[in-house]
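Below are the chains, spelled out letter by letter.
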Amino acid sequence: MDAMITNTPKRSSTTTWTPQPYQLRALRLMMKQGSVGLFLDPGLGKTSTCLMAFKILKEKGLVNKGLIIAPLRPMRKVWPDEIKKWAEFADITYTIVHGSNKEAALAKDVDVYIINPEGIQWLFDAKRKRPEFDVLIVDESTKFKNSSTQRFKALKHFLPSFSRRWILTGTPVPNGLLDLFGQIYILDLGRSLGRFITHYREEYFIPSGYGGYEWKPQLDAFERIVDQISPLILQLSAEEHLQMPELVFRDLTVSLPPTSRKLYDELEKDFLVQMESGEEIIALNAAAAGTKLRQIANGALYTDSTHWKPLHDEKLDALEDLLEELNGHSVLIFYEYKHDYERINTRFGGVPNLSGSSGRQFDELCDRFNSGSVRVLCAHPASAGHGLNLQGSCHHIVWFGIPWNLEYYDQAIARVYRQGQSSEKVFVYHIVAEDTKDEDVTKVLGLKDRTQQNLLSAIKTARNVAEMCDAT
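Definitions and cut-offs
Residues numbered from 1 in each chain as written. Predicted model: local features only at pLDDT ≥ 70, side-chain atom pairs only at ≥ 80, totals over all residues. Heavy atoms only, no water. Pairing = 2+ DSSP bridges. Helix = DSSP H or I, 4+ residues; strand = E, 2+ residues; numbered from the N terminus. Axes fitted to C-alpha atoms, helices over the stretch in contact; angles between N-to-C directions. Contact = heavy atoms within 4.5 Å. Buried < 20%, exposed > 50% of the residue type's maximum accessible area, 1.4 Å probe, protein only. Parallel < 35°, antiparallel > 145°, perpendicular 65-115°, else oblique. Left-handed = near helix turned anticlockwise from the far one by under 90°. Core = buried A, V, L, I, M, F, W, Y, C linked by side-chain atoms within 4.5 Å. Phe/Tyr/Trp six-rings, centres within 6.5 Å; stacked < 30°, edge-to-face > 60°. Lys NZ or Arg CZ within 6 Å of the ring centre and 35° of its normal. Expected span 1.5 Å × (residues − 1). Salt bridge = Lys/Arg side-chain N within 4 Å of Asp/Glu carboxyl O.

Caption draft 1: Spatial organisation of the sheet that holds strand β4 (residues 112-115). Taken in spatial order, the seven strands line up as β3-β4-β2-β5-β6-β1-β9 in an open sheet, and their pairing is parallel. The open sheet has two edge strands, β3 (94-97) and β9 (233-236), and neither has a second partner. Going across the sheet, the axis of each strand differs from the next one's by a mean of 15 degrees, ignoring polarity. Bridge count between strand β1 (residues 35-40) and β9: four bridges; the pairing is parallel. Bridged to Leu40 within β9 is Leu236. The sheet contacts of helix α1 (residues 21-32) involve β1, β6 (164-168) and β9, and relative to β9 the element is tilted by about 175 degrees.

Have a look at this one:
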């Protein structure tokens, strides 16, 4: 879709935005200081809170135009829908700067300009005429966690021109504390954690791993980092502020058949294996070997960039048993590799794939799944992780292949485990091949989650203490 949508002040919405106490808490912080990170779980109203903060500041004459950087679906649907939904935002005009008409969209005289992270380099091209933005909202700020990317570098130069900078995420450190640097830099231009990633690493980490290319936090790094960034951050969890269902995890263990076990063990040991067909599979390094080992665990193996060979049906059999056990309940299946979906689709006679859809087809498939007319739906977590509500009729999630990426994992589950879920429990099933990388991935995700939850808890405590001191 070539999105260039501008709303007008004349709209019929009469729904009143009534803020929750935690949203008022966020608004007070956003009025008090220019830079704020909202580390809020999905469903806590980050979008509408930011829109109200922008509206208040604009009415006070403190800001004029805002730039929202958001992933594709939030850019196209979540932010526009939220503006249209509430009567309070009827006078906020916006345009979506994306697609072949983005030059015309950027030329619009509106309040808010919404763009995808991939459009940042285009937007901030030195020769491009653009509005003077004074509010920056970065939705899902982990897209900027890596300060070496071109999108970060393009944005970095213009950060001082924004009088207000807000970042939004529920998963600030999916891979560890190093992920904080780029996000916090957007807020304070390096005052807390250093002007460059090298400063941050030298101050809080020590080199480790092969060749010193990995970084391990110093013993007191966690506490010192929290002390530096907590004045900028408000952290809120859904469990504390919403009526949330119980989240239940269940591992379904399968065993590799002898031929696949032999293939797996040889590739793990030698980085090279010969298929029964005579084809040689070579892994050039440990990372490539790890990817191929996880493919074997799932039941198929790519022999080149496009062709794959089926190896076993253990996970498919486990999935079939589970679907029979669930007896018609709606199920959302997350897969890891393209051949995973192709095999699932063949086995179960045509399973819709959310990640293979776009635009109106994507929205219609979401609606059909939420209504229950589609009972089994597949998706890849990379393309179904933000801005989706899939809890309408579903409270069962299956991981056919489990990703290393904690952000993908958490955000994918949050499509179903969120406000509006009518079931008292949400079930998450991991289909795990025993004695394979599957077990390593689940363990590593647990460690990453522990780091993230500890950080969020520490920031919450520091913020509560600060607000108590302010009150006295």
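Caption draft 2: Expanded view of unusual backbone geometry. A positive phi angle, close to 50 degrees, is found at Asn327, a residue other than glycine. Examined against the element boundaries, Asn327 turns out to sit in the loop between α13 (314-326) and β15 (330-334). What makes Asn327 exposed here is its relative accessible area of 66%. Unusually for a residue other than glycine, Asp435 sits at a positive phi of about 55 degrees. Considering the arrangement of structural elements, one finds Asp435 in the loop between β18 (425-433) and α17 (437-471). For Asp435, a relative accessible area of 54% corresponds to the exposed category.

Caption draft 3: Structural detail: the packing of helix α2 (residues 46-59) against helix α3 (residues 72-85). Close contact between α2 and α3 brings their axes to 10 Å; oriented N to C, the two are set at 60 degrees. Relative to α3, the element α2 is oriented oblique. As α2 packs across α3, the resulting crossing turns out to be right-handed. In this structure, α2 contributes Thr47, Ser48, Cys50 and Leu51 to the contact, and α3 contributes Val78, Trp79, Glu82 and Ile83.

Caption draft 4: Molecular detail of the nonpolar core. Leu38, Trp79, Trp166, Leu332, Leu354 and Trp399 are the most contacted members of the largest nonpolar core, which totals 66 residues. Per-element tally for this core: the top contributor is α2, with six residues. When residues no more than four places from it in sequence are discounted, the contact partners of Trp399 are Phe334, Pro381, Tyr408, Tyr409, Ala412, Ile413, Val428, Tyr429, His430 and Ile431.

Caption draft 5: Structural context of the packing of aromatic side chains. Under the definition given, this model contains 13 aromatic pairs. Between Phe133 and Phe162, the ring centres sit 6.4 Å apart and the planes meet at 5 degrees, which makes this aromatic pair stacked. Taken together, the residues span a long stretch of sequence, with Phe133 in the loop between α5 (120-123) and β5 (135-139) and Phe162 in the loop between α6 (150-156) and β6 at a distance of 29 residues. Phe133 sits in the buried class, given a relative accessible area of 7%. Members of the aromatic cluster, connected to one another through ring pairs, are Phe152, Phe181, Tyr185, Tyr200, Tyr204 and Phe205. Here Lys102 stacks its cationic end above the ring of Trp122, 5.3 Å away from the centre of that ring. Lying across the ring of Phe400, Lys315 places its NZ or CZ 6.0 Å from the centre.

Caption draft 6: Representation of α2. Spanning 14 residues, α2 covers 20 Å between terminal C-alpha atoms, matching the ideal 20 Å at 1.5 Å per step. Counting buried positions over the 14 residues of α2 gives eleven, a clear majority of the element.

Caption draft 7: Summary view of the pattern of salt bridges. Within this structure, the stated rule accounts for 20 salt bridges. A salt bridge links Arg224 to Glu203, with the shortest nitrogen-to-oxygen separation between them at 2.9 Å. Pair noted here: Arg224 is in helix α9 (residues 221-229) and Glu203 is in helix α8 (residues 197-204), with a separation of 21 residues, a long-range link. Judged by relative accessible area, which is 24%, Arg224 ranks as partly exposed. Measuring nitrogen to oxygen at the nearest pair gives 3.0 Å for the salt bridge that ties Glu325 to Arg250. Remark: Arg250 occurs in strand β10 (residues 246-254) and Glu325 occurs in helix α13; sequence separation between them is 75 residues.

Caption draft 8: Inspection of the sheet that holds strand β17 (residues 394-399) at higher detail. Taken together, five strands build an open sheet; the order of strands is β10-β18-β17-β15-β16 and the sheet is parallel. Because the sheet does not close on itself, it has two edges, and the strands there are β10 and β16 (376-379). Strand-to-strand twist across the sheet, computed as the mean angle between neighbouring axes with direction ignored, equals 20 degrees. Bridge count between β10 and β18: nine bridges; the pairing is parallel. Paired with Asp251 across the strands is His430, a residue of β18. Lying over the sheet, helix α15 (residues 359-371) contacts β15, β16 and β17, oriented at roughly 135 degrees with respect to β15.

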